[in-house]
Structure formats: structure tokens, C-alpha cells
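An overview of the molecular structure
Here is how the chains run, residue by residue.
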Amino acid sequence: MSSPTAMPACLYIVATPIGNLSDMTPHAIDVLKQVAIIACEDTRTSGKLLSHFGINTKANKVEYSEEGTAYYNKHDAENESDGAAKQKGHHKLWAYHEHNSAIQTPKIIEMIQQGHSVALISDAGTPLISDPGYQLVQAAHTAGVRVSPIIGASAAIAALSVAGLPSDRFSFIGFLAAKTHGRQKQLTALNARSETLIFYEAPHRIVASLEDMAAIFGPEREVTFCRELTKTFETVHKSTLGELVEFVKADDNQQRGEIVVVVAGVNAAQDDDDIGIHDKLLQRLLEDLSVKKAAALAADITGVKKNALYQRLLELQAE
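Keep in mind the model is a prediction, meaning the values are calculated, not measured. (Residues numbered from 1 in each chain as written. Predicted model: local features only at pLDDT ≥ 70, side-chain atom pairs only at ≥ 80, totals over all residues. Heavy atoms only, no water.)

This part takes up the overall build of the chain. Of the regular secondary structure elements, the chain holds 13 helices and 12 strands. Relative to its full complement of 319 residues, the chain shows a buried share of 45%. Long-range contacts, defined as pairs at least 24 residues apart, comprise 72% of the intrachain contacts of the chain with a sequence gap of at least 6. As displayed, the chain has an accessible area near 16300 Å², and 51% of this comes from carbon and sulfur atoms. (Helix = DSSP H or I, 4+ residues; strand = E, 2+ residues; numbered from the N terminus. Buried < 20%, exposed > 50% of the residue type's maximum accessible area, 1.4 Å probe, protein only. Contact = heavy atoms within 4.5 Å. Areas by Shrake-Rupley, 256 points an atom, 1.4 Å probe, with all protein chains shown as cover.)

Glancing now at the pairing of strand 9 (residues 196-201). Along strand 9, 6 of the 6 residues are buried, which leaves the element largely enclosed by surrounding structure. Residue alternation in strand 9 divides its side chains into two sets, Thr-196, Ile-198 and Tyr-200 and Leu-197, Phe-199 and Glu-201, and both sets are buried. One ladder, built from 5 bridges, connects strand 8 (residues 170-175) with strand 9; its direction is parallel. Looking at the pairing, Gly-174 lines up with Phe-199 of strand 9. Crossover handedness for the path strand 8 to helix 8 (residues 180-190) to strand 9: right-handed. The sheet contact formed by strand 9 and strand 12 (residues 259-263) spans 5 bridges and is antiparallel. In the strand pairing of strand 12, Phe-199 is matched with Val-261. (Pairing = 2+ DSSP bridges. Right-handed = clockwise from strand over helix to strand, strands pointing away.)

Summarising the model, the chain shows a mean pLDDT of 87, and 85% of its residues fall at 70 or more. Contacts for the low-pLDDT stretch residues 62-90, under 50 throughout, to residues beyond four places or in other chains number 51 contacts. (pLDDT = per-residue confidence, 0-100.)

To continue, consider the pairing of strand 10 (residues 222-227). The buried fraction of strand 10 amounts to 5 of the 6 residues, a majority that puts the element mostly inside the structure. Pairing of strand 10 with strand 11 (residues 235-240), which is carried by 6 bridges, proceeds in the antiparallel orientation. Considered in strand 11, the bridge of Phe-225 is made with His-237. Here strand 10 pairs with strand 12 via 5 bridges, running antiparallel. Note that in strand 12 the partner of Arg-227 across the bridge is Ile-259.

Moving on, we get to the layout of surface pockets. Summary: where empty space remains is shown by rolling a probe the size of a single water molecule over the atoms. Space inside the largest pocket adds up to approximately 740 Å³. If you go around the largest pocket, you meet 32 residues; those closest to its centre are Ile-18, Asp-123, Ala-124, Gly-125 and Glu-258. Here the lining of the largest pocket is composed, by residue class, of 15 nonpolar, 8 polar and 9 charged. Empty space within the second largest pocket amounts to approximately 310 Å³. Along the walls of the second largest pocket sit 16 residues, with Asp-168, Arg-169, Val-304, Lys-305 and Lys-306 positioned nearest its centre. With 3 residues, the top contributor of residues to the lining of the second largest pocket is helix 12 (residues 291-302). For the lining of the second largest pocket, a count of residues per class yields 5 nonpolar, 5 polar and 6 charged. (1 Å grid on protein atoms, 1.4 Å probe; cavity = no way out; pocket = protein on both sides within 12 Å on 5 of 7 lines; lining within 4 Å. Points joined across faces, edges and corners; volume = space filled by probe spheres on them. Nonpolar A, V, L, I, M, F, W, Y, C, P; charged D, E, K, R; others polar.)

Here's what the structure looks like:
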């Protein structure tokens, strides 16, 4: 038999802080307190976070019938000591990661289908952003299970917000390949991209990755280096790739912690003096379009910032 939880049966994708615990939202805390199961990457890491917010991880008892069907026994859970619950393994916190997702995914979907609520969290930030979990969300959609986001911190978006680089178009690349050849091949494929690029990188590879970026993108490409965002020793350093390599090399502290590298697209830092190379295209667009529409279309075609093209169009119109 099944004893569904009070919350609507749903898979909640819950964001958690990336450093500063004050960034945990009341909505997230409320959901995590009420769901029957919390699926997480590392139960030890998440257990500490949940304990900080007074979220009990042993409150709900989930069992399997002789037929292998999951059910939630709220009565037994309420009348069972923490010691007994721990001994029998009746935990609200379930490990969910790339090594066990094939086993855990159908169990979690079955729980939701029987009326129980489940939350998915990552070690930090918004789940599925360079974290496991998309298989579970994909399976939920396939099974017709409702999926709901509980929004909050994301290192990628936080870095973009302070980067001082164009944010109207950007691509999240995540972690580059660990080996030099694979990493350089990826960067070469990205070299001509005009949108802002967002990378994550591990501390032990950051110098090598920045050196490869400087070599392939060019040392003058604009970049913003973000480390340990929202934490006590936060770094936000805007420079060029060439200068950034030396900055990180010179300070071992910059080679520690969580790192996000935000790199300008190939045309983002283009000198305004060079914008004249597009005059023929701009003049042709002006024949049929308003300045505003011509600037927008030219930006899509050339990758140059729309504001710069708009100003040049005004100059051409006045000539």
C-alpha cells in the first residue's frame, strides 16, 4: 500500500547555495522539509547543509514490498527511534549520482507515480548545471511526471552578472577536457564564436587551461576570472587572457576553490575604429530598414555589438 506525502507528487529541482548559506531561499527550505525523498550527489555533503537548516533526513520511512514496489510508511517512521531508523536504513536522503543513476532513476520515478514528492539537489548551486541529474528529469518527462524548479544560486549566472562582458548572448561550456589535446581541440572549435563563453575549471588545471585559451583565443581577448563566488575570499578579476595567466600563476590562492572563467566572444572587444569594415552592409540595410532594425540585423550577421552598429548607422545616415 502507499501513503503519499502531503506535498503534490512532483520532482522538485532545488537550488542550494554555492558558498554563502544566506543565499538559501525560504522556498527551498520549505520544500526540502516536506518532500518524502531528497536525492543528492553526496549524502555527507548535503547532510551537513540540511542539518544547518534543521531539515530532518531520517523522518520518512521508505520500504519495498515483496513485489519490489516502493511505499512510504509514515506511521512506522513517526514511531521509530532515530537509532532504529538509522539501523534499518530508512533515510530521507538518497544518493543519486552518475554511478548509480541507472538503478535509482526508476525507483524515484515509481515513488512519484505513487504520490510521493521528491527533491533533487546538487552539492552546490542549481542541479544539472555541470552536475548529474538530467537522466532523472528526462525520465520524469517520459513518464508524464511533473517537474518543478525551485530557483536559487548558479555559479555560471553569478559570474556572468559580474563579468562586465556582453550578456545578451552567451554559451555555457562547462568543464573542458582534462587532457591537453582534447582541451585544445575544444577551444579551437570555439575560437570563432561571437557570444560570451562561460567555463568551469578545476584548480589543478586552471593554469594549463588559461594558457591554452591565451594561445588559441589570443592574449588580448577579454576575460573575467571568478573564484569562490559569494565566499569570504571571493575573486572577480577582469583582464585579458595574457594578463590573467600571469595573475593566476603569481598567486597560489587563485589556483584553489571553485572557478568560473567568462571569456568575451571573438568580436565583443572589437575596436570601434574597425567597425567601418561593415559600412557597405550597413548602407545596404539602411536602404530598406530603420536604424534600429538595421542595427539588430547587422549584429546578428556580424557578431558586433548592436549599440556600436547603431552609432555607426547614425553616422552613415548623417553623411
